Amino acid sequence: MSKKYSFKHVAVSFLCGSLFFSGIGLAATNPADISLQKLKLIVNGVNKSAPEGLYNNQGDLVPETLMYQNTTYVPIRLIGELLGKSVEWKSDSRSIMIGSNTVDPSKNKVVLDASKLLTLDADTLNEAKRKYLAGDSFITQSVNQLKKDADLAMQKGPFSILDKTTVAPSGDKHDYVSIGVYWWPNPDTPDGKPYIQKDGQQNPEINTNKFDRDNFGKTSSGIRTLSLAYFYTENEAYAEYAAKLLKVWYLDAATRMNPSLNYGQSVPGVNEGRAAGIIETLNIFNTLDPATILKGSNYLSDQDFNKFKEWIGDYMKWLMESPIGNDEKNATNNHGNWYDAQVAAYALFSGKPDIAKKVAEESKKRIAAQIEPDGSMPRELSRTRSLHYSTYNMDALTQVARLGSKVGVDLWNYKTADGRSILKALEFLSPYISKQKAWEFEQIKAENLSSAIPVMTTAAKSYGKQEFRTASEQLLKEKDATAREHLLYSVQTTSK
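Residues numbered from 1 in each chain as written. Predicted model: local features only at pLDDT ≥ 70, side-chain atom pairs only at ≥ 80, totals over all residues. Heavy atoms only, no water.

**Quick look at the packing of helix 3 (residues 122–133) against helix 5 (residues 213–233)**
When two helices pack together, their arrangement is given by the angle between the helix axes and the distance between those axes.
Part 1: Direction vectors running N to C along helix 3 and helix 5 enclose 50°, while the axes themselves pass 9 Å from each other. On the basis of the axis angle, helix 3 is oblique to helix 5. In this structure, helix 3 contributes Leu125, Asn126, Ala128, Lys129 and Tyr132 to the contact, and helix 5 contributes Leu228, Phe231, Tyr232 and Thr233. (Axes fitted to C-alpha atoms, helices over the stretch in contact; angles between N-to-C directions. Helix = DSSP H or I, 4+ residues; strand = E, 2+ residues; numbered from the N terminus. Parallel < 35°, antiparallel > 145°, perpendicular 65-115°, else oblique. Contact = heavy atoms within 4.5 Å.)

Structure (structure tokens):
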């Protein structure tokens, strides 16, 4: 069957079926009567046309528009999404439900348990979902954008550690390989080696198919997007593809990544791998809660989930025992804190809370060493992107504090005799993030302060201080109504 003939028959089915919610039978329609020319969809002056003219209707790619007897047909679900309205088809009553109250809240099957999540805020997500199911117009815009992101994610991958063109020095393509983010070819040597450092300036070579970094990030992002879309919509198609991405990268013997990172952020002409590469496995850190969400679906079995837990446990062991892992543990800046956050999270995920407790207790030494009595962080302020790295460091420390609270270690209220503490560092940053003060330290490029949203919303919840609430609310208000941050973060004060 030719592609053209096949596509036209898909279009006939599309026109005749319930995707239009028309209730009009057209069984005798001739494919030759239908025009499949790609048309543009312009909404409020913005081109909203889908790639290739195809619309992802809950997992099925169907024509976005088509012409029949001088009439243009567009799926009503698509129109609803473009206008910020949810659309549901109820087959029992043969009803099209548009806008508020389109979903029955009593049928909500997926509710997140805060005790099982490590980095996501279950209360915020559950409340946002409650609002979505009740037809809240603001939250619906964010969920509709999340669904679009998920639809796109389903068209990408799955990605594998085998996709890169470079082979690790070990000879095993299952070993992860990347090069240093801020390291560039040497202009003074014929082969560009040894590479030279340009702090704060990313070498575009890092995200080419020579290495694993880009596909690793796409895998993590895809799993996170699809699992969240599954949580909000309970569309199993999203869970199915998210589980596939996870299995290909971590579980399937033929394609999985080895649970180690001996060749991360290498510097050509200098070394084969560095401790700094471990920062890239935050992609793993950000996959833990999505995996827990997927466990409630039909596509990540208990056996697969336990295999993933084993993989995480093996990687944690490598972090704690390998020379490169111990080098990262000894880092005295944000790298050391992100090492702690990873080990603590992997320990909790793989069922080893004693390790997480030990990491959280030892984090007190980092607070004492990295934060000055006035709350400044000299190791981050010395960087060329000092605002970014100060915020990034606090993100890591607040993550460790959150994980520590799960094992009885209170880092939120810990302070040294001379006043060094997480709270003091947050108070130092807050006026800069809320733009009450201009940043006074080196910053070679403008920073998107959205990265401070997790830090400031966590601070607002943990301490209940108005300055943190104000900064959080300001940052969230600056985000477009469709932004995912509205589904992930809130500023209600809760107890630690």
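Continuing now.
**Some thoughts on helix 11 (residues 334–349)**
Part 1: Compared with an ideal rise of 1.5 Å per residue, which puts 16 residues at 22 Å, helix 11 spans 22 Å between its outermost C-alpha atoms and is within 8% of the ideal.
Part 2: Of all 16 residues in helix 11, 15 are buried; the element is thus mostly enclosed.
Part 3: Following helix 11 by one or two positions, Gly351 adopts a phi angle in the positive range, close to 85°. (Expected span 1.5 Å × (residues − 1). Buried < 20%, exposed > 50% of the residue type's maximum accessible area, 1.4 Å probe, protein only.)

**Section: the packing of helix 14 (residues 386–405) against helix 15 (residues 422–433)**
Part 1: Contact pair helix 14 / helix 15: the axes reach a minimum separation of 11 Å and the direction vectors enclose 140°. When the axes of helix 14 and helix 15 are compared, the pair comes out oblique. Crossing geometry of helix 14 relative to helix 15 is assigned as left-handed. Across from Ser390, Thr391, Met394, Leu397, Thr398 and Ala401 in helix 14, the residues of helix 15 making contact are Ile422, Ala425, Leu426, Leu429 and Ile433.
Part 2: In the contact of helix 14 with helix 15, the residues fall into eight nonpolar, three polar and no charged. (Left-handed = near helix turned anticlockwise from the far one by under 90°. Nonpolar A, V, L, I, M, F, W, Y, C, P; charged D, E, K, R; others polar.)

**Here we look at helix 16 (residues 453–463)**
Part 1: With 11 of 11 residues buried, helix 16 lies mostly within the body of the structure.
Part 2: For helix 16, every residue scored as buried is listed here: Ile453, Pro454, Val455, Met456, Thr457, Thr458, Ala459, Ala460, Lys461, Ser462 and Tyr463.
Part 3: Next to the buried residues of helix 16 lie helix 3, helix 14, helix 15, helix 17 (466–477) and helix 18 (485–488).
Part 4: Just beyond helix 16, the residue with positive phi is Gly464, at close to 70°.

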